[in-house]
Amino acid sequence: QALGRERQALIAIENALSINPNLIKASLFKGDVKAEQEQWEDAEEAYTQVLAQQESAEAFARRAKIREELDKTEEALEDYQQARTMDPTDTPAWLGSARLYKETAQYTQAMEDINRVLGQQPTHEQALRLKTELQLTLRQWDRALETVDELASAHPEATGIAYLRGLSYLEKGALDKASS
């Protein structure tokens, strides 16, 4: 029944857009619905239409997420950069670019973006998790353990802390054992 209402809403939005293609909120909504339906190309097109009418940090960030799904890494990074430029407090845009930088082995940029978020919100759970993962990738086990401790202290209810801590000890122990 919810899917039926969603489809009806999408049809109404498409009808409205056929009458007046400059309805920004309608295009954003269309992109959101297409994203929920995992129709990535259609979602990207909807957000691109929004940006052609009026650039906004919100639309750039939404399109960046879609472009991640489409494996358009460079384009996604450009969109995140635009979102961050337009709204320097857009935490999801900073974390999105940090995640992509990490995935593309641009570790310095990834850490800079993570630290930017943590500079504004020192206990941000996702930023602390991403920082731990990056530190593990960089084989900075002691630092990763410190970050996991920060995460556990700030978010004792968070899941996966024991896993991150265990992974840090396991990796550190394997290195210590191999070097002795």
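Please refer to the structure placed before this passage.
Let me begin by describing the structure that accompanies this report. (Residues numbered from 1 in each chain as written. Predicted model: local features only at pLDDT ≥ 70, side-chain atom pairs only at ≥ 80, totals over all residues. Heavy atoms only, no water.)

1. Description of the overall build of the protein chain
Part 1 of the argument: Helix and strand content of the protein chain: ten helices and zero strands.
Part 2 of the argument: When the helices and strands of the protein chain are listed from N to C terminus, the series reads α-α-α-α-α-α-α-α-α-α.
Part 3 of the argument: Of the contacts formed within the protein chain by residues at least 6 apart in sequence, a portion of 41% connects residues at least 24 apart.
Part 4 of the argument: For the protein chain, the accessible surface area stands at approximately 10,200 Å², while carbon and sulfur atoms represent 49% of it. (Helix = DSSP H or I, 4+ residues; strand = E, 2+ residues; numbered from the N terminus. Contact = heavy atoms within 4.5 Å. Areas by Shrake-Rupley, 256 points an atom, 1.4 Å probe, with all protein chains shown as cover.)

2. Remarks on helix α8 (residues 125-137)
Part 1 of the argument: Helix length check: α8 (13 residues) gives 18 Å between terminal C-alpha atoms against 18 Å at 1.5 Å per residue, within 8%.
Part 2 of the argument: One or two positions beyond α8, positive phi appears at R139, with a value near 60°. (Expected span 1.5 Å × (residues − 1).)

3. Considerations on the environment of K65
Part 1 of the argument: Structurally, K65 can be placed in helix α4 (residues 57-69).
Part 2 of the argument: Residue K65 is classed as partly exposed on the basis of its relative accessible area, which comes to 47%.
Part 3 of the argument: Expressed as a C-alpha distance, the spacing of K65 and G96, which sit 31 residues apart in the sequence, is 7.6 Å. (Buried < 20%, exposed > 50% of the residue type's maximum accessible area, 1.4 Å probe, protein only.)

4. Some remarks on the packing of helix α6 (residues 91-103) against helix α7 (residues 107-120)
Helices that pack against each other are described as a pair by the angle of their axes relative to one another and the distance between those axes.
Part 1 of the argument: Running from N to C, α6 and α7 cross one another at 160°; their axes reach a closest spacing of 8 Å. When the axes of α6 and α7 are compared, the pair comes out roughly antiparallel. α7 is crossed by α6, and the crossing has left-handed handedness. In this structure, α6 contributes T91, W94, L95, S97, A98, Y101 and K102 to the contact, and α7 contributes Y107, Q109, A110, D113, I114, R116 and V117.
Part 2 of the argument: In the contact of α6 with α7, the residues fall into eight nonpolar, three polar and three charged. (Axes fitted to C-alpha atoms, helices over the stretch in contact; angles between N-to-C directions. Parallel < 35°, antiparallel > 145°, perpendicular 65-115°, else oblique. Left-handed = near helix turned anticlockwise from the far one by under 90°. Nonpolar A, V, L, I, M, F, W, Y, C, P; charged D, E, K, R; others polar.)

5. Here's the deal with the side chain of D79
Part 1 of the argument: Within the secondary structure, D79 is located in helix α5 (residues 73-86).
Part 2 of the argument: A distance of 2.7 Å separates a polar atom in the side chain of D79 from a polar atom in the side chain of R63.
Part 3 of the argument: Discounting residues that sit within four places of it in the chain, D79 has contacts with F60, R63, A64 and R67. (Polar contact = N/O pair within 3.5 Å; in protein donor to acceptor, adjacent residues only side chain to side chain.)

6. Some remarks on the environment of D113
Part 1 of the argument: Structurally, D113 can be placed in helix α7.
Part 2 of the argument: The spacing of D113 and A93 is 20 residues in sequence and 9.4 Å in space, taken between C-alpha atoms.
Part 3 of the argument: Residues contacting D113, with those up to four places away along its chain left out, are R84, W94, S97, A98 and Y101.

7. Quick look at the pattern of salt bridges
Part 1 of the argument: All chains considered together, the criterion is met by eleven salt bridges.
Part 2 of the argument: Taking the shortest distance from any N to any O, the salt bridge between D32 and R62 comes out at 2.8 Å. Separated by 30 residues along the polypeptide, D32 in helix α2 (residues 24-36) and R62 in helix α4 bring together distant segments of the chain.
Part 3 of the argument: The class of D32 is partly exposed, set by a relative accessible area of 24%.
Part 4 of the argument: Judged by its relative accessible area of 23%, R62 falls in the partly exposed class.
Part 5 of the argument: Note that R129 is salt-bridged to E125, the shortest N-O span being 3.1 Å. Here R129 pairs with E125, and both are found in helix α8, just four residues apart, close to one helical turn.
Part 6 of the argument: Sharing partners across several salt bridges, the network here consists of E44, R63, R67, K72 and D79. (Salt bridge = Lys/Arg side-chain N within 4 Å of Asp/Glu carboxyl O.)

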